[in-house]
Amino acid sequence: MPRLSEVIAALDALWPAELAESWDAVGTVCGDPEAEVSRVLFAVDPVQEIADEAVALGAQLLVTHHPLYLRGTTTVAASTFKGRVVHDLIKHDVALHVAHTNADRADPGVSDALAGALDLRVVRPLVPHPADEQGRRGLGRICELDHPLTLAELAERAAKRLPATAQGIRVAGDPDAPIRTVAVSGGSGDSLFEDVRAAGVDAFLTADLRHHPVSEARAQTPLALLDAAHWATEWPWCELAAAQLDEISDRHGWGLRVHVSKTVTDPWTAHAASPHDSTGAPN
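What comes next is a walk through the structure.

**Considerations on the packing of helix α1 (residues 4-14) against helix α9 (residues 230-252)**
In a pair of packed helices, the angle between the axes and the distance between the axes together describe the arrangement.
Moving on, step 1. Where α1 meets α9, the axes come as close as 11 Å, and the angle between the chain directions of the two elements is 125°. Considering the angle they form, α1 stands oblique to α9. In this structure, the crossing between α1 and α9 has a hand that is right-handed. On α9, the residues that touch V7, A10, L11 and L14 of α1 are Q244, L245 and I248.
Moving on, step 2. Split into classes, the residues belonging to the contact of α1 with α9 amount to 6 nonpolar, 1 polar and no charged.

Structure (structure tokens):
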């Protein structure tokens, strides 16, 4: 069996830390570099139920997309919910490793996995990384459809192909508008509107879209917008990452057992739709 340090070195080669944003907190949070690893669990969020799942699974390594401590901390006391996660992982010899914006920018990365889930052909990064001369790394992806769909059909595809959440898919734009090119970005994407407009695509699918940025974007261009749940847009990366580690394990003869958590950690739990015959504000 490989040591944790060997597995982490392989993961760092997939998602180099230098690709991460300066504000990000990526890398190994806890774990003994000399400990042996035989089972790995991938998930989006390092929350308590995922830590419990890793322990129950008998994993020695938990890899998550979101950081546990993004802004730092002065305590890991078990009386705090994040401290409890750290305590439980260490107590059961489970290491925690984070690949966040470095996985967003990687090739392949989070947005490649999102495009793959939607059966979109990736053309290039939406925001290429300046240090990548080949132009394959960067934030978001510009994609093409094999054949045009209406906006309503694309939204229906996203609702069917992405993990089910209470939110589903919100849409801004003419449902009958033809869509041929799509920009995608896993996670929060409304900071990328300027790049999306410059790309000249027909639609943009991302998460966490807010009222004012959407209103302004729609006022400037006929760009169609699809807003999915944050967790749902990033979960496909877990399957991609697990497959990448599986391939590395086979190549090195490690015999790792690699798992992807199916636990839904999207914080929204229910959705009440407006009545279909309601078209405006109350009288």
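**Overview of the layout of surface pockets**
Moving on, step 1. Approximately 1000 Å³ is the volume attributed to the largest pocket.
Moving on, step 2. Lining the largest pocket are 44 residues, and of these H66, G187, S188, D208 and H230 lie nearest its centre.
Moving on, step 3. For the lining of the largest pocket, the secondary-structure elements that each account for two or more residues are α3 (81-91), α4 (101-105), β6 (138-150), β8 (178-188), β10 (224-228) and α9.
Moving on, step 4. Sorting elements by how many residues they give to the lining of the largest pocket places β8 first, with 4 residues.

**Some thoughts on empty space enclosed by the protein**
Moving on, step 1. A full pass over the atoms with the stated rule returns 1 cavity of 30 Å³ or more.
Moving on, step 2. Taken as a whole, the largest cavity encloses approximately 30 Å³ of empty space.
Moving on, step 3. Considering the residues around the largest cavity, the lining is formed by L11, D12, W15, A17, V26, G27, H97, V98 and N102.
Moving on, step 4. Those elements giving two or more residues to the lining of the largest cavity turn out to be α1 and β4 (95-98).
Moving on, step 5. Grouping the constituent residues of the lining of the largest cavity by class yields 5 nonpolar, 3 polar and 1 charged.

**Details of the packing of aromatic side chains**
Moving on, step 1. Overall, the coordinates contain 3 aromatic pairs when judged by the stated rule.
Moving on, step 2. Three or more aromatic residues joined by ring pairs make a cluster, and in this case those are W15, F42 and W237.

**Structural notes on the pairing of β4**
Moving on, step 1. Side chains A95 and H97 of β4 all project onto a buried face; the interleaved residues L96 and V98 project onto the opposite face, where all are buried too.
Moving on, step 2. Inspection of the sheet shows strand β1 (residues 27-30) paired to β4 by 3 bridges, in the antiparallel sense. Within β4, the residue paired with T28 across the bridge is H97.
Moving on, step 3. In the sheet, strand β3 (residues 61-64) pairs with β4 via 4 bridges, with the strands oriented parallel. Counterpart to V63 in the pairing with β4 is H97.
Moving on, step 4. Handedness of the crossover is the feature at issue here: the chain leaves β3, passes through α3, returns alongside β4, and the resulting connection is right-handed.

**What about the sheet that holds strand β11 (residues 257-260)?**
Moving on, step 1. Strand order in the open sheet formed by 5 strands is β1-β4-β3-β2-β11, and the pairing between neighbours is mixed. The sheet terminates laterally at β1 and β11, the two strands that pair on one side only. The mean angle between the axes of side-by-side strands here comes to 25°, regardless of whether they run parallel or antiparallel.
Moving on, step 2. For strand β2 (residues 39-43) and β11, the ladder comprises 4 bridges, and the chain directions are parallel. Its bridge partner being in β11, L41 is matched across the sheet by H259.
Moving on, step 3. Across the face of the sheet, α9 comes into contact with β2, β3 and β11 while running at roughly 175° to β11.

What counts, and at which threshold
- Residues numbered from 1 in each chain as written.
- Predicted model: local features only at pLDDT ≥ 70, side-chain atom pairs only at ≥ 80, totals over all residues.
- Heavy atoms only, no water.
- Axes fitted to C-alpha atoms, helices over the stretch in contact; angles between N-to-C directions.
- Helix = DSSP H or I, 4+ residues; strand = E, 2+ residues; numbered from the N terminus.
- Parallel < 35°, antiparallel > 145°, perpendicular 65-115°, else oblique.
- Left-handed = near helix turned anticlockwise from the far one by under 90°.
- Contact = heavy atoms within 4.5 Å.
- Nonpolar A, V, L, I, M, F, W, Y, C, P; charged D, E, K, R; others polar.
- 1 Å grid on protein atoms, 1.4 Å probe; cavity = no way out; pocket = protein on both sides within 12 Å on 5 of 7 lines; lining within 4 Å.
- Points joined across faces, edges and corners; volume = space filled by probe spheres on them.
- Phe/Tyr/Trp six-rings, centres within 6.5 Å; stacked < 30°, edge-to-face > 60°.
- Buried < 20%, exposed > 50% of the residue type's maximum accessible area, 1.4 Å probe, protein only.
- Pairing = 2+ DSSP bridges.
- Right-handed = clockwise from strand over helix to strand, strands pointing away.

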